[in-house]
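# Descriptive analysis of the structure
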Amino acid sequence: MSPNRRRPLVGGNWKMHFLRDDATRFCDALLAGGALPADVVLFPSFPLLHSVAEALTGSEVGCGGQDIHPADKGAHTGDVSGAQLVDAGCSWVLCGHSERRHDHGEADDLVRQKAVTALRYGLTPLICVGETQAERQAGRTFEVLERQLRAALTDGPATFTLAYEPVWAIGTGETATPEIAQDAHAFLRGQLGDMLGETAAEAKRILYGGSVNPQNAAELISKPDLDGFLVGGASLDPEKFLAIIRSCGSDT
Ligand code: PGA
């Protein structure tokens, strides 16, 4: 790894998978993997959070929620608050994942509100942005990324991590080429530079997500503006997930 490189971060987004036994078995296998060359955080679904946080106690691996409601508490059936996430052992939360945007109609401004609430509870928001296939084909990728990013960060959280997740690459097996990913990450870092200043932008980790697997991870992470991964499908298998994490430890 280059000496000045940002320390990589790898997130495992379990989505709506696993029961408690699967989750604790996974954590045992992950922790048996020894020292890792990246920061690691798991995003289990809400009913698994307590068990996962407990299984990870004393380790460096973090735990995060897949969503957060912007209100502190109240009549919001099916939602989860920042205080509840912290109480369950979380230190992170996903904000604006494309499946939330698509399945639950989450608009850009709601993503900002969620990220601001997360930070208020001491949770680091991992803000996800990414264009659809149609938007890419229409040549609108950068316009969409800029809109999503500015909406999330204008009057938004002061601390956050960013993930570029092209919607067309999520769960499809169609990974962005390292060049496509690098172009988008460089663009996002440039936008962060405009908004936060060069030094802050250079320090920010920008993760790539979308069909990452042990075969494509090393080439992706070799790109200068990729600082880790948000992994869905391959994060359900501890061996694959460990292989992806380990690929962050060597320059290719
Ligand atoms: P995938 O999902 O790795 O299964 O494409 C990534 C994500 O949705 O975060």
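We now turn to the structure provided with this report. Computed from a predicted structure; not experimentally measured.

### A few points about the side chain of S211
Mapped onto the elements of the fold, S211 is located in the loop between β7 (206-209) and α10 (217-221). A distance of 2.7 Å separates a polar side-chain atom of S211 from the backbone oxygen of A169. Within the structure, the side chain of S211 is placed 2.8 Å from the backbone nitrogen of G173, a separation counted as a polar contact.

### Quick look at helix α7 (residues 141-153)
With 13 residues, α7 ought to run about 18 Å at 1.5 Å a step, and its terminal C-alpha atoms sit 18 Å apart, in line with that. For α7, the full list of buried residues reads T141, V144, L145, Q148, L149, A152 and L153. Projection of α7 onto a plane perpendicular to its axis shows the buried side chains occupying an angular sector of 140 degrees, all on one side. Residues of α7 that are buried in the fold lie against α4 (98-103), α5 (108-120), β5 (124-129), α6 (133-137), β6 (161-164) and α8 (178-196). Two residues or fewer past α7, D155 is found with a positive phi of approximately 55 degrees.

### As for the site of the ligand
As a matter of local geometry, the ligand sits amid 13 residues, with K15, H97, E165, G171 and S211 nearest to it. In the environment of the ligand, an oxygen atom lies 2.8 Å from a nitrogen or oxygen atom belonging to the backbone of G233. In isolation the ligand offers 280 Å² of accessible surface; the protein chains occlude 95% of this area. Of the residues assigned to the shell around the ligand, the class counts are 4 nonpolar, 7 polar and 2 charged.

### Notes on the environment of W92
Assignment of secondary structure puts W92 in strand β4 (residues 92-95). The spatial distance from the C-alpha of W92 to the C-alpha of Q66 is 8.8 Å, given a sequence separation of 26 residues.

About the criteria used
Residues numbered from 1 in each chain as written. Predicted model: local features only at pLDDT ≥ 70, side-chain atom pairs only at ≥ 80, totals over all residues. Heavy atoms only, no water. Helix = DSSP H or I, 4+ residues; strand = E, 2+ residues; numbered from the N terminus. Polar contact = N/O pair within 3.5 Å; in protein donor to acceptor, adjacent residues only side chain to side chain. Expected span 1.5 Å × (residues − 1). Buried < 20%, exposed > 50% of the residue type's maximum accessible area, 1.4 Å probe, protein only. Arc of directions from axis to C-beta. Contact = heavy atoms within 4.5 Å. Near = heavy atom within 4 Å. Areas by Shrake-Rupley, 256 points an atom, 1.4 Å probe, with all protein chains shown as cover. Nonpolar A, V, L, I, M, F, W, Y, C, P; charged D, E, K, R; others polar.

Take it as geometry only, folks, not as evidence of what the structure does.
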